[in-house]
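Structural overview for review
Now for the letters of each chain:
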Amino acid sequence: MAKILIVDDSKTSRKILRGILEGAGHSVIGEGSNGEEGFLKYKELHPDVVTLDITMPTMDGIEALQLLKKEDENAKVIMITALGQKEKMIQAIKYGASEFITKPFEDDDVINAVQKVMEEKKV
Amino acid sequence: MVEYILGNYMVSTGKISQKQLDNILDKQDQVRVKLGLIAVSEGMITQEQAEEINRLQSTCDKRFGDIAIEKGYMTQVQLEKILKMQGNAYLIFVQSLVDAEVLKAEEMENVIDSFRKENGYGLSDMEIIKSDDVEKIVPLFLPTEAEEFEEAIGIAVRAIIRCIDRHTYPGKAEMVTEVLEDQMVSQKLEGKTVKTTGFVEAEGGMLELASVYGREAFEGMNEDVLDAGAEFLNCINGMYSATISAKESELELMPPEYFMAGGKITGNKICRIPLWVKNKKLYFVVAE
Ligand SMILES: [Mg+2]
């Protein structure tokens, strides 16, 4: 089971993600509502996995991803995105994102993405 | 969709009562078999494949049958066969009206005729409505000036049908000079031009939409309702961006915004279409 940090500007998205992840037995150890808050929480909490929303005001997910990876090159980050954001996804891959989840959330997609990242982590 | 469009018209003209309509639609809902169930029971696809298609359907702008064919799970001929088995929603509706003894079959022609004339539709338009094909019905509700918004509106309506309420139906859209309403959500999409889309609360439709998307039974309007509405709008705009980027350049989604008071959408061209979600009204707006 993974210790997870959720970073998303939307309360709705944070709540849905938390519900799905806790329902699958993971533990959500923190939440951040923007990129900067997410970065600070990461340094404080050392989660196994971060779910990071791409579309956020002030500091978006791409910028936050770069900060996280600079802080910890082994950080496991799952990007949350709407459909049709290919350019942002290409950037995210370039900066080391591990997985992607497309909104609207499907429980199985979320659970599978976390499982995949945790397996990578073991290797 | 056709049973809701015609059913509500019949209620508004006093042909049948709201209660009669609700009863008929309830019964019809229990009878109408899902395409996935028919395909599985006919041995065309497996239960796992049906579930996979359902999952994919919620995140993209495609119909069940389209995905099944794309994935190679089913042929076009097989799809046509199960569509026929599922039956035509209009005829099932007429049958239900007759069975409930609220209308005789021959009276339906008058209903169709007055509906057609009142809305300025042609005979071929009525065939489209009877076909219950959402993709073709939605454009009938748009003014000609809204042609460039047809795709965005179509994607929004289909997404609401797939993800929120499969009985969602539209009313007549109109061009407006600005949208000034207290409670709304909006999002800018930046590409070759800047578009804005939004949901505006009217008679509880936003509350219904937010409750389903937010997985929470909201009781009244508050910021959480609007946050859920804004997130769903973001999903819809992502689907729209994916469609547009296949043809021209990608649209970048700006963070969605919400307003508890004094919301506003401006643009050179604005189209507003009423939608009934769980029979409660809200507006979807597109502006450029
Ligand atoms: Mg966001």
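Procedures and definitions
Throughout this document, residue positions are counted from 1 along each chain, in the order its sequence is written. For this description, chains carry letters from A and ligands carry numbers from 1, given in the order in which they are written. Local features are withheld for residues below a pLDDT of 70 in this predicted model, meaning they are given only at 70 or higher, and side-chain atom pairs are given and counted only at 80 or more; totals for whole chains, interfaces and linings count all residues. Calculated side-chain values reflect all of the structure's heavy atoms, with hydrogen atoms and water omitted. Coordination shells were defined by N, O and S atoms within 2.8 Å of each metal, extended to 3.2 Å for Na, K and Ca; water is absent from the atom set, which can make sites look incomplete. We count a stretch as a helix when DSSP gives it H or I for four or more residues in a row; a strand needs E for two or more, and each element gets its number in order from the N terminus. Under the scheme applied here, a residue whose accessible area is under 20% of the maximum for its type counts as buried, over 50% as exposed, and between as partly exposed, the area being computed with a 1.4 Å probe on protein chains only. Domains are outlined according to an automatic or database domain assignment. Every residue pair with non-hydrogen atoms within 4.5 Å of one another is taken to be in contact. A quick way to say it: buried area is the sum, across both parts, of accessible area lost when two parts are put together, with a 1.4 Å probe. The salt bridge criterion pairs a side-chain nitrogen of Lys or Arg with a carboxyl oxygen of Asp or Glu, the two atoms within 4 Å. Contacts described as polar in this section are N or O atom pairs within 3.5 Å, which, within protein, must combine one atom able to donate a hydrogen with one able to accept it, while residues neighboring in sequence count only if both atoms come from side chains. Note that Gly is not counted as nonpolar here; it falls among the polar residues with everything else outside the nonpolar set of Ala, Val, Leu, Ile, Met, Phe, Trp, Tyr, Cys and Pro and the charged set of Asp, Glu, Lys and Arg. Only the stretch in contact is used when fitting a helix axis, every axis being a line fitted to C-alpha atoms; angles between N-to-C directions are given from 0 to 180 degrees. Here a crossing is called left-handed whenever its near helix is offset anticlockwise from the far helix by less than a right angle, and right-handed whenever the offset is clockwise. Nonpolar core, defined: a set of buried Ala, Val, Leu, Ile, Met, Phe, Trp, Tyr and Cys residues in which side-chain atoms within 4.5 Å join the residues together. The predictor rates its confidence in each residue with pLDDT, a number between 0 and 100.

**Regarding the coordination of the magnesium ion**
All names here are of chain A. Ligation of the magnesium ion by protein atoms is provided by Asp-9 (OD), Asp-53 (OD) and Thr-55 (O), these donors lying 2.0 to 2.2 Å from the ion. Between consecutive donor residues of the magnesium ion, the sequence gaps follow D-x43-D-x1-T. One end of the pair, Asp-9, is in the loop between strand S1 (3-7) and helix H1 (11-23); the other, Thr-55, is in the loop between strand S3 (49-53) and helix H3 (61-71), and 46 residues separate them in sequence. Taking the relative accessible area as the measure of exposure, Thr-55 reaches 11% and is therefore buried.

**Description of the domain arrangement of chain B**
Often, the extent of an interface is quoted as the loss of accessible area upon association of its parts. Residue and element names in this part refer to chain B. In terms of domain boundaries, chain B breaks down into domain 1 (2-137) and domain 2 (144-287). A straight line from the C-alpha centre of domain 1 to that of domain 2 covers 24 Å. At the junction of the two partners, domain 1 supplies 14 residues and domain 2 supplies 13 residues. Regarding the contact of domain 1 and domain 2, the summed buried area is about 1,300 Å², with carbon and sulfur atoms giving 53% of it. On inspection of domain 1 and its partner domain 2, the count reaches two salt bridges. Measuring nitrogen to oxygen at the nearest pair gives 3.5 Å for the salt bridge that ties Asp-61 to Arg-162. Counting across the domain 1 and domain 2 interface gives five residue pairs in polar contact (both at pLDDT 80 or more). Elements represented by at least two residues in the side of domain 1 that touches domain 2 include exactly helix H1 (2-12), helix H4 (47-59) and helix H10 (134-140). When the residues that make up the side of domain 1 that touches domain 2 are grouped by side-chain class, the tally is five nonpolar, five polar and four charged.

**Digging into the packing of helix H8 (residues 108-119) of chain B against helix H9 (residues 123-131) of chain B**
All names here are of chain B. Where H8 meets H9, the axes come as close as 10 Å, and the angle between the chain directions of the two elements is 115°. Two packed elements cross with a definite hand, and for H8 against H9 that hand is right-handed. Across from Ile-112, Phe-115 and Arg-116 in H8, the residues of H9 making contact are Leu-123, Met-126, Ile-129 and Lys-130. Grouping the amino acids of the contact of H8 with H9 by side-chain chemistry returns five nonpolar, no polar and two charged.

**Considerations on the pattern of salt bridges**
Throughout the structure, instances matching the rule amount to 31 salt bridges over all chains. Measuring nitrogen to oxygen at the nearest pair gives 2.8 Å for the salt bridge that ties Lys-88 of chain A to Glu-252 of chain B. Placement of the pair is Lys-88 of chain A in helix H4 (residues 86-94) and Glu-252 of chain B in strand S6 (residues 252-253), with the two residues belonging to separate chains. The exposure class of Glu-252 of chain B is partly exposed, given its relative accessible area of 33%.

**Side note on the side chain of Ser-241 of chain B**
Within the element layout of this structure, Ser-241 of chain B appears in helix H13 (residues 223-247). Of the polar contacts made by the side chain of Ser-241 of chain B, one reaches the backbone oxygen of Gly-84 of chain A; its length is 2.8 Å. Those residues within four positions of Ser-241 of chain B in sequence are excluded, and the remaining contacts are Gly-84 and Gln-85 of chain A together with Glu-250 and Leu-251 of chain B.

**Observations regarding the nonpolar core**
All names here are of chain B. Ranked by internal contacts, the top residues of the largest apolar core, which has 91 residues, are Met-108, Ile-153 and Phe-199. In terms of residue count, H13 provides more of this core than any other element does, eleven residues in total. Here this core gathers at least three residues from each of two domains, domain 1 (2-137) and domain 2 (144-287). Each residue touching Met-108, except ones within four places of it in the same chain, is listed here: Leu-6, Met-10, Tyr-90, Phe-93, Val-94, Leu-97 and Leu-103.

**Side note on the confidence of the model for chain B**
Of the residues in chain B, 100% reach a pLDDT of 70 or more, and the chain-wide mean stands at 92. Scored as a complex, the prediction yields pTM 0.88 and ipTM 0.93.

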